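Here's the letter readout for the chains.
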Amino acid sequence: MIERFLTYLRCEVNYSPHTVAAYRSDLFQLASWLTGDKPENFDAASVTHADIRSWLGHMARQGTGPRSLRRKLLSVRSFYRFLRKTGLAATNPASSVELPKIPKPLPHFVSENDMEQIVGPDAFDTDDVEEYRDKLIIDILYSTGIRRSELLGLRDCDILLNSYEIKVNGKRRKQRIIPIPEQLAGRIKKYMALRDASFGTCHDAFLLSRRGLPLNNAALSRIVKIELAATGTERKTPHVLRHSFATALLRDGAEINSVKELLGHSSLSTTQIYTHLSFSELQHNYKLAHPRATKK
């Protein structure tokens, strides 16, 4: 039953391999726990509300955090919704199990001053293809807000330099068009020239490693961590630059629905966290600058 569900996620819902792997891990963990490490004996139809609560309680006592517990419970809920839809189960024992509450910290972001130090004009005064590529990665992530997977999936044909746009293949293969600044378009054009001079023109990926192979996720994360090393942000990941993109837009007056479309969010509620971040910064600036802010 689990494998049938995973095939459904992969082939019909178009979930990414990473997401499908997470579902697989969660469901086989439940199956192993209920069957004494014999998941082949798992009988999904016999699982009860109490079984799932006991499983979650066991993991919590072992130190699993609320965020991971929440994800696992959502995986099980989705699994049973599929079983009910296909007639393989009469009920969803996970539907009434309360979701673990998790704190909602504001996302980290890189300040505009720090970003100017990293991707200012002087940063691109080089003809070294790797050095140029690393700076360009930061510029693209910060200027477009695309996800790391979307950047790694970019091909030359997705970059429309004449119209200053890029085509991005997002989650569930949803495609969106994102405008890019003229300066970034020029930098992309120079990178392509440096890259092709080093590795030739026969390649599928836009970003290449030092060996001329498509850049992978680990290499991208390492590049971003190094490039953000001197910034004040606590987290130094590609996603932080996505946060920085959204925060900068909203702080400068962009309409929230436009930001939602640029980020590729399916729900406006996902985008709204950035309005809280911008308001938090606004409050901070008010307290620092307004003469009435310090009055008792």
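Model, not experiment: these values are computed from the prediction.

**As for the packing of helix α3 (residues 49-61) against helix α4 (residues 66-85)**
Relative placement of two packed helices is described by the angle separating their axes and the distance separating the axes.
Reasoning step 1: Axis separation between α3 and α4 bottoms out at 11 Å; the angle between their running directions is 155°. With respect to each other, α3 and α4 are oriented roughly antiparallel. Once α3 is placed against α4, the crossing between them reads as right-handed. Between α3 and α4, the contacting residues are I52, W55, L56, M59 and A60 on the first element and L69, K72, L73 and V76 on the second.
Reasoning step 2: For the contact of α3 with α4, the class distribution of residues is 8 nonpolar, no polar and 1 charged.

**Looking at the environment of K171**
Reasoning step 1: Relative to the assigned elements, K171 resides in the loop between β2 (165-169) and β3 (175-179).
Reasoning step 2: K171 gets classed as exposed once you look at its relative accessible area, which sits at 59%.
Reasoning step 3: Ignoring sequence-local partners within four residues, the contact set of K171 consists of R147 and E150.

**A word on the layout of surface pockets**
Reasoning step 1: Roughly 280 Å³ of internal volume is contained in the second largest pocket.
Reasoning step 2: E130, R133, R210, A219 and R222 are the residues nearest the centre of the second largest pocket, which is lined by 14 residues in total.
Reasoning step 3: Elements with a contribution of two residues or more to the lining of the second largest pocket: α6 (129-144) and α9 (217-227).
Reasoning step 4: Of all the elements, α9 adds the most residues to the lining of the second largest pocket, at 4 residues.
Reasoning step 5: The class makeup of the residues in the lining of the second largest pocket is 6 nonpolar, 2 polar and 6 charged.

**Focus on the pairing of β2**
As a general feature of sheets, a regular strand has side chains that alternate between the two faces.
Reasoning step 1: Taking every second residue as pointing to the same face, the buried face of β2 carries I166 and V168, while none of E165, K167 and N169 on the other face is buried.
Reasoning step 2: Pairing of strand β1 (residues 159-160) with β2, which is carried by 2 bridges, proceeds in the antiparallel orientation. From the neighbouring strand, L160 faces β2, where its bridge partner is E165.
Reasoning step 3: In textbook terms, the turn of a hairpin is the stretch between consecutive antiparallel strands, and for β2 and β3 this stretch comprises 5 residues, one of which, R172, has a positive phi near 55°.

**Topic: the packing of aromatic side chains**
Reasoning step 1: All told, the structure shown has 9 aromatic pairs when counted by the stated rule.
Reasoning step 2: A centroid spacing of 5.4 Å and a plane angle of 50° characterise the contact between F5 and F82, whose relative ring orientation is tilted. One end of the pair, F5, is in helix α1 (residues 2-11); the other, F82, is in helix α4, and 77 residues separate them in sequence.
Reasoning step 3: When its relative accessible area of 8% is taken as the criterion, F82 is described as buried.
Reasoning step 4: Through pairs of rings, three or more aromatic residues link up here, namely F5, Y8, Y15, Y23, F79, Y80 and F82.

**A few points about empty space enclosed by the protein**
Reasoning step 1: Overall, the coordinates contain 1 cavity of 30 Å³ or more when judged by the stated rule.
Reasoning step 2: V129, E130, R133, Y191, R195, F199, L208 and S209 together form the lining of the largest cavity.
Reasoning step 3: Listing elements by their share of the lining of the largest cavity, those giving two or more residues are α6 and α8 (182-199).
Reasoning step 4: Residue composition of the lining of the largest cavity, grouped by class: 4 nonpolar, 1 polar and 3 charged.

**Things to note about unusual backbone geometry**
A negative phi angle is the norm for most residues apart from glycine, just as the trans form is the norm for most peptide bonds.
Reasoning step 1: Backbone geometry places D37, a non-glycine residue, at a positive phi of 65°.
Reasoning step 2: On the basis of relative accessible area, D37 is assigned to the exposed category, the value being 64%.
Reasoning step 3: In this structure, Y164 is a non-glycine residue whose phi angle is positive, near 55°.

**Quick look at helix α5 (residues 112-119)**
Counting along an α-helix, one turn takes 3.6 residues, and residues three or four places apart therefore face a common direction.
Reasoning step 1: Along α5, the positions that sit buried rather than exposed are M115, I118 and V119. Taken down its axis, α5 places every buried residue within 75° of arc, on the same side. Exposed side of α5, more than 90 degrees from the buried face: N113 and Q117 are the residues found there.
Reasoning step 2: Buried residues along α5 sit against α6, α8, α9 and α10 (238-251).

**Quick notes on the side chain of R147**
Reasoning step 1: One can find R147 in the loop between α6 and α7 (148-152).
Reasoning step 2: For R147, the side chain forms a polar contact with the side chain of E150, separated by 2.5 Å.
Reasoning step 3: Look past the residues within four positions of R147 in its chain and what remains in contact with it is G170, K171, R176, R242, L263, G264 and H265.

**Some points on the state of the cysteines**
The bond known as a disulfide is covalent and runs between the sulfur atoms of two cysteines.
Reasoning step 1: One pass over the structure, following the stated rule, counts 0 disulfides.
Reasoning step 2: In this structure C157 is a free cysteine whose sulfur lies 14 Å from that of C202, the closest cysteine sulfur available.

Criteria and thresholds
Residues numbered from 1 in each chain as written. Predicted model: local features only at pLDDT ≥ 70, side-chain atom pairs only at ≥ 80, totals over all residues. Heavy atoms only, no water. Axes fitted to C-alpha atoms, helices over the stretch in contact; angles between N-to-C directions. Helix = DSSP H or I, 4+ residues; strand = E, 2+ residues; numbered from the N terminus. Parallel < 35°, antiparallel > 145°, perpendicular 65-115°, else oblique. Left-handed = near helix turned anticlockwise from the far one by under 90°. Contact = heavy atoms within 4.5 Å. Nonpolar A, V, L, I, M, F, W, Y, C, P; charged D, E, K, R; others polar. Buried < 20%, exposed > 50% of the residue type's maximum accessible area, 1.4 Å probe, protein only. 1 Å grid on protein atoms, 1.4 Å probe; cavity = no way out; pocket = protein on both sides within 12 Å on 5 of 7 lines; lining within 4 Å. Points joined across faces, edges and corners; volume = space filled by probe spheres on them. Pairing = 2+ DSSP bridges. Phe/Tyr/Trp six-rings, centres within 6.5 Å; stacked < 30°, edge-to-face > 60°. Arc of directions from axis to C-beta. Polar contact = N/O pair within 3.5 Å; in protein donor to acceptor, adjacent residues only side chain to side chain. Disulfide = S-S within 2.5 Å.

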